[in-house]
2 protein chains.
Amino acid sequence: MKKTSVTIHDLARELNISASTVSRALNDNPRISQATKDKIRTLATKLGYQPNTIASNLRTQKTHTIGIVVPLINRYFFSTFISGVEDVAFEAGYNVIISQSKDLFDKENRVVHSLFSNRVDGIIVSVSMQTNKYDHFNLFANKNIPMVFFDRIAPDFKAHKILIDDFKCAHMATQHLIDQGCKRIAHLAGPTSLNTYRGRMNGYLDALKKNKLPVDEELVIYNRLTRVDGLTAIKQFLKLKNPPDAVLCGNDTSALSMIIYLREIGIRVPEDFCIVGFSNEPFSEVVTPAISTIRQPAFEMGQKAAELLIDEIEQKRIPENYQTIIMPSDLIIRESSSKKLYD
Amino acid sequence: MKKTSVTIHDLARELNISASTVSRALNDNPRISQATKDKIRTLATKLGYQPNTIASNLRTQKTHTIGIVVPLINRYFFSTFISGVEDVAFEAGYNVIISQSKDLFDKENRVVHSLFSNRVDGIIVSVSMQTNKYDHFNLFANKNIPMVFFDRIAPDFKAHKILIDDFKCAHMATQHLIDQGCKRIAHLAGPTSLNTYRGRMNGYLDALKKNKLPVDEELVIYNRLTRVDGLTAIKQFLKLKNPPDAVLCGNDTSALSMIIYLREIGIRVPEDFCIVGFSNEPFSEVVTPAISTIRQPAFEMGQKAAELLIDEIEQKRIPENYQTIIMPSDLIIRESSSKKLYD
DNA sequence: AACAAAAATGCAATCGATTGCATAAAATAC
DNA sequence: GTATTTTATGCAATCGATTGCATTTTTGTT
């Protein structure tokens, strides 16, 4: 027996006043007298009035909703980022609609359209692994709807960008491996169409060059960095005539599977072989040996993204003043690369 | 220079037809001729028309949006569950709004109201650790808006419930510890106001009784099961005159911190002390020793929750036919409780 | 060619809240 | 007591899509 909701018109009728007055009273408009406001508010709570946000959204052309598009919701980095977004958004009175691209370009395209049709006030995006065209974001760009890109960004958009310095981090990690005495350092890379993996790769290469180490094409493998991919890669590396003695992995997942495999076949980490990952997944700290990795401040990145987006939505900042924010990140040295301790 | 969007009226004017016809054509209403439909659709794509979902929502009183309320978005169980929901929801044409209670009753109350005002078509909820009143869900119940509870449920609502059998799982885990030769088994429990922790606790107690083992009150500690809480608890257990030789933990996080602490102080797991956790976090498999735990099918639970909810929203099932679905779950025996191997 | 039946389209109200402008009521000024 | 402000409230249009009912156009029948 779904009885229709209480509306401002119901309140108005009951009190013999107009709906406009009710609306203004509930929004605390100074044009309404305190007495009337009190009367209206009392009745509103008595009848259990709940504002219909949809109607308000339609009229005001604002939804107080922000959309998030990430590759996978249940990856720790992303879910923690989302948690940071939600934290700030909720306090500012915004809802968060999440969608995941599953790292598929096609799905990303569809969810972006869907968010647009739902008239979100802005979106926060990390693009899929397959993404190398960015036309679908023009939907938003053309209407000047605020966007924030993070981690894996779309280039050439008027939008804020929130990143870590992947180049520097990979450089530091590689230098660290060199300092530990590793002689042949390999790299398991993700798709270089993405700024993140491209940056990591370049940081790796630059560190080798700075140290006058040869760059060997055999020592770089590209794939999607899943657990299976990590396994495939380490087997391939070990099959080389002149195999590496260390790998810088594009993420922690692949680093983990390498570590497990190396343990299985009796190659000691870090004594015989060093591994460094990327992103500091929760398991990296507790696996044996613990994985050296790069810490990314996911929660804070989410908070920052939400702040920038909401400020822009509410025009608290000068438009066109788009920022690329590099968040602090650092190398966490753990057991998997602490070779010197054993020399 | 935000130019206002293309609407059905713009399309109608351009083609000298009425907006109703445009609306019907875009919705593929059979009352419109194919020729007209084609004409309209062509123009729509040419002008980049995007439907305004808000307007449609207001008129149809449906938002094609479902709300999720979980304690913490970035807990693996929950983020994987959400991923399952999103998976099904997206295919059915629904958006997902997420919010987290942060395990605070007050925030849960606020987000539930917010979701209601946003007129979500239904909600999927796992309540906060603090929740022991459920009045705020009457907002939905009174209007017959579908709800699905999972994991931590609100009792006494006309709603679907998706659970695992916490009692049975805890029972199995306890029996397993007994079978391994543990003599004094402790339990670190969460708030028993929640069905989950209450079930686990009762399963633990029942297993002791079935095996004619004494129940010692000192051996049960209640807290919030954080990493710090796990540490506090294990220290307290070890201080007893007659300390336990095993702990069944209410979750994996607390189990992890116990394992780390025991390793630090030189108590061998599982030889001297056994640990079983709950929920199978990603780290549990890879920590040394790997944590024995209970597997919960989070993704599938999310899919099932979304299916039930959407079916009810779309009235595909007989109302009042509310189900309590017990999902399959099992004990994963790993190193942390495999004492017999060392006897 | 006339008329019934079927198909296609249009009119206008509706969903619920907001808001520019107008009006009514109260307060103040002279 | 009238004119002028100030304060409080109401009217009616609006946001964009949907839909019951009415109307127009086309098709089919004899």
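J.: What exactly am I supposed to notice about the relation of the copies chain A and chain B here?
T.: Superposition record for chain A on chain B: RMSD 0.1 Å, screw rotation 180°, translation along axis 0.0 Å. Put plainly, the chains are arranged around a two-fold axis. The overlap is high: 100% of the interface residues of chain A also sit at the interface in chain B, so the same surface is used on both sides.

J.: Any chance you could explain the protein's contact with DNA strand D here in plain terms?
T.: Near DNA strand D lie 29 residues; those nearest to it are Thr-21 of chain A together with Ile-8, Arg-24, Tyr-49 and Arg-59 of chain B. The protein-proximal atoms of DNA strand D, defined as those within 4 Å of the protein, are 55% sugar or phosphate. Ser-20 of chain A has a polar side-chain atom sitting 3.0 Å from a base nitrogen of DNA strand D. One of the backbone N or O atoms of Ser-33 of chain A is found 3.1 Å from a phosphate oxygen in DNA strand D.

J.: For this particular structure, what's the right way to read the protein's contact with DNA strand C?
T.: Looking at DNA strand C, there are 29 residues lining it, with Ile-8, Arg-24 and Arg-59 of chain A together with Thr-21 and Thr-36 of chain B nearest. A breakdown of the atoms of DNA strand C within 4 Å of the protein gives sugar and phosphate a share of 57%. Side-chain polar atom of Arg-24 of chain B to a base oxygen of DNA strand C: 3.1 Å apart, as the coordinates give it. Ser-33 of chain B places a polar main-chain atom, nitrogen or oxygen, 3.1 Å from a phosphate oxygen of DNA strand C. Broken down by secondary-structure element, the contributors of at least two residues to the surface near DNA strand C are α1 (8-15), α2 (19-26) and α4 (53-60) of chain A together with α2 (19-26) and α4 (53-60) of chain B. A per-element tally of the surface near DNA strand C places α4 of chain A first, with 4 residues.

J.: I'm lost on the pattern of salt bridges in this one. Help?
T.: Oppositely charged side chains are able to pair whenever their charged atoms sit close together. All names here are of chain B. Per the stated rule, a full pass over the model turns up 33 salt bridges over all chains. Here Arg-110 and Asp-106 are joined by a salt bridge, their closest N and O atoms 3.8 Å apart. Here Arg-110 and its partner Asp-106 are both found in helix α6 (residues 105-117), 4 residues apart, which amounts to about one turn of the helix. With relative accessibility at 38%, the residue Arg-110 sits in the partly exposed group. Under the relative-accessibility criterion, Asp-106 is labelled partly exposed at 47%.

J.: Please clarify how helix α11 (residues 252-264) of chain A should be interpreted in this entry.
T.: Residues that lie three or four places apart on an α-helix share one face, since the helix turns once every 3.6 residues. Residues and elements named next belong to chain A. The terminal C-alpha atoms of α11 lie 18 Å apart, and with 13 residues this matches the ideal 18 Å at 1.5 Å per residue to within 8%. The buried fraction of α11 is high, at 10 of 13 residues. Every buried residue of α11 is listed here: Asp-252, Ser-254, Ala-255, Leu-256, Ser-257, Met-258, Ile-259, Ile-260, Tyr-261 and Leu-262. Near the N-terminus of α11, the side chain that reaches the backbone nitrogen of Thr-253, with its oxygen 3.3 Å away, is that of Asn-251.

J.: Hey, could you run me through the packing of helix α5 (residues 76-91) of chain A against helix α13 (residues 298-313) of chain A in this one?
T.: Helices that pack against each other are described as a pair by the angle of their axes relative to one another and the distance between those axes. Residue and element names in this part refer to chain A. At a minimum axis separation of 7 Å, α5 and α13 run at an interaxial angle of 40°. By the angle between their axes, α5 is oblique relative to α13. You can see that α5 and α13 cross each other, and the crossing is right-handed. Mapping the contact onto sequence places Phe-77, Thr-80, Phe-81, Ser-83, Gly-84, Val-85, Asp-87, Val-88 and Ala-89 in α5 and Ala-298, Phe-299, Met-301, Gly-302, Gln-303, Ala-305, Ala-306, Glu-307 and Ile-310 in α13.

J.: Got a minute to help me understand the interface of chain A and chain B in this structure?
T.: Quoted interface sizes are often the accessible area lost when the parts come together. With 52 residues of chain A in contact, the opposing surface of chain B contributes 52 residues. With both sides pooled, the region where chain A packs onto chain B buries about 4800 Å², and carbon together with sulfur makes up 51% of that total. Linking chain A with chain B are 7 salt bridges. For Glu-86 of chain B, the salt bridge goes to Lys-107 of chain A, with nearest N and O atoms at 2.9 Å. Listing elements by their share of the side of chain A that touches chain B, those giving two or more residues are α4, α5, β2 (95-100), α6 (105-117), α11 and α12 (282-286) of chain A. Sort the elements by how many residues they give to the side of chain A that touches chain B and α5 of chain A lands first, with 9 residues.

Procedures and definitions
- Residues numbered from 1 in each chain as written.
- Chains lettered and ligands numbered in written order.
- Predicted model: local features only at pLDDT ≥ 70, side-chain atom pairs only at ≥ 80, totals over all residues.
- Heavy atoms only, no water.
- Least-squares fit on C-alpha atoms with pLDDT ≥ 70 in both.
- Contact = heavy atoms within 4.5 Å.
- Near = heavy atom within 4 Å.
- Polar contact = N/O pair within 3.5 Å; in protein donor to acceptor, adjacent residues only side chain to side chain.
- Helix = DSSP H or I, 4+ residues; strand = E, 2+ residues; numbered from the N terminus.
- Salt bridge = Lys/Arg side-chain N within 4 Å of Asp/Glu carboxyl O.
- Buried < 20%, exposed > 50% of the residue type's maximum accessible area, 1.4 Å probe, protein only.
- Expected span 1.5 Å × (residues − 1).
- Axes fitted to C-alpha atoms, helices over the stretch in contact; angles between N-to-C directions.
- Parallel < 35°, antiparallel > 145°, perpendicular 65-115°, else oblique.
- Left-handed = near helix turned anticlockwise from the far one by under 90°.
- Buried area = accessible area lost by both parts, 1.4 Å probe.

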